[in-house]
Amino acid sequence: MKFIIALLTLMSFQFSFANSPAVTNCTDYKQYKDVSMAEMKEMTAKSSATIIDVNSKASFEEGHIPGAIHFQTAQNDLANKLPKDKNAPIVAYCGGKSCTAWQKAAKTACEMGYKNIRHFSEGIKGWNSKKS
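Overview of the structure. Just so it is clear, the model here is predicted, and its values are computed rather than measured.

Quick notes on the pairing of strand β3 (residues 90-93)
Then, in step 1: Both faces of β3 are covered, namely the face carrying I90 and A92 and the face carrying V91 and Y93.
Then, in step 2: In the sheet, strand β1 (residues 50-53) pairs with β3 via four bridges, with the strands oriented parallel. The residue bridging I51 from the neighbouring strand is V91, located in β3.
Then, in step 3: As paired strands, β3 and strand β4 (residues 117-119) are joined by three bridges and run parallel to one another. Pairing of A92 across the sheet is with H119, part of β4.

Written out as structure tokens, the structure reads:
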């Protein structure tokens, strides 16, 4: 009988833990899933995501993914640039695979309550080399 009570207690604990809201650590950058080139092209064509470019202003002016928001320029007004829906997809990118500047935008959006934040690791270098 004690075994059954212990088992039921354990099961109820697991059930309540599974139903509790997930805790998001905005600085755990591994949680931000990567976007492939094909996905990026589709999102751009359909305007189905908010895209944030975290490159320098000069780089952004030289070229960026169509529809992208320049993070540095928009940073103080980012809340008004991002969608009202906190589950809407947001994609951050910077220069390329070794660049980590995208993390600033991901962290900022996460701290603002956004849940569907991703990373385009190929960055502007990858976009420019494969966009055709």
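Focus on helix α7 (residues 123-130)
Then, in step 1: Of all the residues in α7, the buried ones are G123, I124, G126 and W127. An end-on view of α7 places all buried positions within 160° of arc, on one side of the element. α7 presents K125 and S129 as exposed residues on the side facing more than 90 degrees away from its buried surface.
Then, in step 2: Check the buried side of α7 and you find it contacts α2 (37-46) and β3.

What counts as what
- Residues numbered from 1 in each chain as written.
- Predicted model: local features only at pLDDT ≥ 70, side-chain atom pairs only at ≥ 80, totals over all residues.
- Heavy atoms only, no water.
- Buried < 20%, exposed > 50% of the residue type's maximum accessible area, 1.4 Å probe, protein only.
- Helix = DSSP H or I, 4+ residues; strand = E, 2+ residues; numbered from the N terminus.
- Pairing = 2+ DSSP bridges.
- Arc of directions from axis to C-beta.
- Contact = heavy atoms within 4.5 Å.

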